[in-house]
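The residues making up each chain are set out below.
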Amino acid sequence: MEEVIGANLRAVGARIEAAARGAGRQAGSVTLVAVSKTQPQSAVRAALTAGQRVFGENRVQEALEKFPGLRNAFPDMALHLIGPLQTNKVKDAVAHFDVIETVDRLRLAEALAREMERTGRRPHCLIEVNTGEEPQKAGILPAAADEFISDCRDRLGLPIDGLMCIPPHDEEPSLHFALLREIARRHDLPVLSMGMSADFETAVRFGATHVRVGTAVFGARQPYPAAAK
Ligand SMILES: *Cc1c(COP(=O)(O)O)cnc(C)c1O
């Protein structure tokens, strides 16, 4: 497993680099977030051994179970929360994640601001934008994004670095990447988290600073057990 994951990481890294160069960007301007949700600790350890340092997890509880030992062994690693965050998990999220990519509603933003104030720990935050305006999907609607970004940054004082999006499965992703980039540009936000296994090269061409890649690094995922929340 270790060799396969190492080879996958090198291959994905080379594709990111080629896409960046092709777009006239510096090779090092894109960070690979290796999405390790549902993958065992051994797979994450293999990626760490191969030199990968930035990981994405969807669920706070799963990350808490998987990472503490790994963090001790690799103190320079960074953990991104890329799944929906419930307000009752804010405390754990602020304590254990380095970046929270899914700030998407006022109540959550307020809870994060309170917890950061209380603890003094300030993980970087991204605002998730529902660029496809899909009712079942998390994220602030594009029409509400400007006001929400200002609220988070100026009124609540959250450390907002940028935006993230998950385009609809069945649509050309470039339009969504371009929209996200445009909203970020209006607010001078430097970070764009966009692009997954199927479309990360396109995302890089549209300015992604972070691509979130799971399957192309770790292989197919085990589905979550149906009973799990
Ligand atoms: C699972 C997931 C990914 C990675 O998806 P792959 O297609 O396996 O690369 C990226 N972003 C988010 C938000 C995810 O939930």
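The structure reproduced in this document is the subject of the present report. (Residues numbered from 1 in each chain as written. Predicted model: local features only at pLDDT ≥ 70, side-chain atom pairs only at ≥ 80, totals over all residues. Heavy atoms only, no water.)

### What to know about the overall build of the chain
Part 1: Within the chain one finds 10 helices and eight strands.
Part 2: In terms of overall dimensions, the chain is globule-like: its C-alpha atoms have a radius of gyration of 17 Å, near the 17 Å expected for 229 residues.
Part 3: Residue burial in the chain is summarised as follows: out of 229 residues, 50% are buried.
Part 4: In the chain, 60% of the contacts between residues at least 6 apart in sequence involve partners at least 24 apart.
Part 5: About 10,900 Å² of surface is accessible on the chain, with carbon and sulfur atoms providing 51% of the total.
Part 6: The centroid of the 28 positive side-chain charges in the chain is displaced by 4 Å from the centroid of its 29 negative side-chain charges. (Helix = DSSP H or I, 4+ residues; strand = E, 2+ residues; numbered from the N terminus. Rg over C-alpha atoms; globule rule 2.2 N^0.38 Å. Buried < 20%, exposed > 50% of the residue type's maximum accessible area, 1.4 Å probe, protein only. Contact = heavy atoms within 4.5 Å. Areas by Shrake-Rupley, 256 points an atom, 1.4 Å probe, with all protein chains shown as cover. Lys, Arg positive; Asp, Glu negative; His and termini not counted. Charge placed at Lys NZ, Arg CZ, Asp CG, Glu CD.)

### Structural notes on the nonpolar core
Part 1: Counting 64 residues, the largest nonpolar core has Phe55, Ile100, Leu112, Ile127, Leu163 and Val211 as the members making the most contacts within it.
Part 2: Setting aside anything within four residues of it in sequence, one finds Ile127 in contact with Glu101, Val103, Ile140, Phe148, Ile149, Cys152, Ile160, Gly162, Leu163 and Met164. (Core = buried A, V, L, I, M, F, W, Y, C linked by side-chain atoms within 4.5 Å.)

### Considering the packing of aromatic side chains
Part 1: Across all of its chains, the model carries one aromatic pair by this definition.
Part 2: Between Phe55 and Phe67, the aromatic rings sit 6.0 Å apart at their centres with planes inclined by 55 degrees, giving tilted as the arrangement. You can see Phe55 sitting in strand β2 (residues 54-57) and its partner Phe67 sitting in the loop between α3 (60-66) and α4 (68-73), a full 12 residues away along the chain. This pair shows no difference in class: Phe55 is buried, exactly as Phe67 is. (Phe/Tyr/Trp six-rings, centres within 6.5 Å; stacked < 30°, edge-to-face > 60°.)

### Some points on the pattern of salt bridges
Close approach of charged atoms allows side chains of opposite charge to pair.
Part 1: Evaluated as defined, the whole model comprises 14 salt bridges.
Part 2: Here Glu110 and Arg155 are joined by a salt bridge, their closest N and O atoms 3.7 Å apart. Placement of Glu110 in helix α6 (residues 106-119) and of Arg155 in helix α7 (residues 142-155) is noted, with a sequence separation of 45 residues between them.
Part 3: Since its relative accessible area comes to 26%, Glu110 is described here as partly exposed. (Salt bridge = Lys/Arg side-chain N within 4 Å of Asp/Glu carboxyl O.)

### Here we look at unusual backbone geometry
In terms of backbone geometry, most residues other than glycine have negative phi values and most peptide bonds are trans.
Part 1: One non-glycine residue, Thr38, lies in positive phi territory at about 65 degrees.
Part 2: By secondary structure assignment, the location of Thr38 is in the loop between β1 (31-35) and α2 (41-49).
Part 3: According to the relative accessible area criterion, Thr38 is buried, its value standing at 18%.
Part 4: Even without being a glycine, Asp188 presents a positive backbone phi close to 60 degrees.
Part 5: As for its placement among the helices and strands, Asp188 is situated in the loop between α8 (173-186) and β7 (191-193).

### Thoughts on α8
Part 1: Here α8 is 14 residues long and its end C-alpha atoms lie 20 Å apart, about the 20 Å a rise of 1.5 Å per residue gives.
Part 2: Restricting attention to buried positions, one finds in α8 the residues Pro173, Ser174, His176, Phe177, Leu180, Ile183 and Ala184.
Part 3: On its buried face, α8 sits against α7, β6 (160-164), β7 and α9 (200-205). (Expected span 1.5 Å × (residues − 1).)

### Details of the site of the ligand
Part 1: Looking at the ligand, the residues that line it are Val35, Lys37, Asn58, Ile82, Ile166, Met196, Ser197, Arg212, Val213, Gly214, Thr215 and Arg221.
Part 2: Within the side chain of Asn58, a nitrogen or oxygen atom sits 3.2 Å from an oxygen atom of the ligand.
Part 3: Between an oxygen atom of the ligand and a side-chain N or O atom of Arg221, the distance comes to 2.8 Å.
Part 4: Computed on the free molecule, the ligand has an accessible area of 380 Å², of which 90% lies beneath the protein chains in the complex.
Part 5: Looking at side-chain class alone, the shell around the ligand contains five nonpolar, four polar and three charged residues. (Near = heavy atom within 4 Å. Polar contact = N/O pair within 3.5 Å; in protein donor to acceptor, adjacent residues only side chain to side chain. Nonpolar A, V, L, I, M, F, W, Y, C, P; charged D, E, K, R; others polar.)

### Overview of the state of the cysteines
Part 1: Within the structure shown, the criterion is met by zero disulfides.
Part 2: With no disulfide of its own, Cys125 lies closest to Cys152 among cysteine sulfurs, the gap being 8.1 Å. (Disulfide = S-S within 2.5 Å.)

### Considering the pairing of β6
Part 1: In terms of residue burial, β6 counts as a mostly covered element, since four of its five residues are buried.
Part 2: Alignment of strand β5 (residues 124-128) against β6, held across four bridges, turns out to be parallel. Among the inter-strand pairings, Ile127 is bridged to a residue of β6, identified as Leu163.
Part 3: Chirality of the crossover, the property in question, places the unit of β5, α7 and β6 among those that are right-handed.
Part 4: Pairing of β6 with β7 involves three bridges; the strand directions are parallel. Pairing of Leu163 across the sheet is with Leu192, part of β7. (Pairing = 2+ DSSP bridges. Right-handed = clockwise from strand over helix to strand, strands pointing away.)

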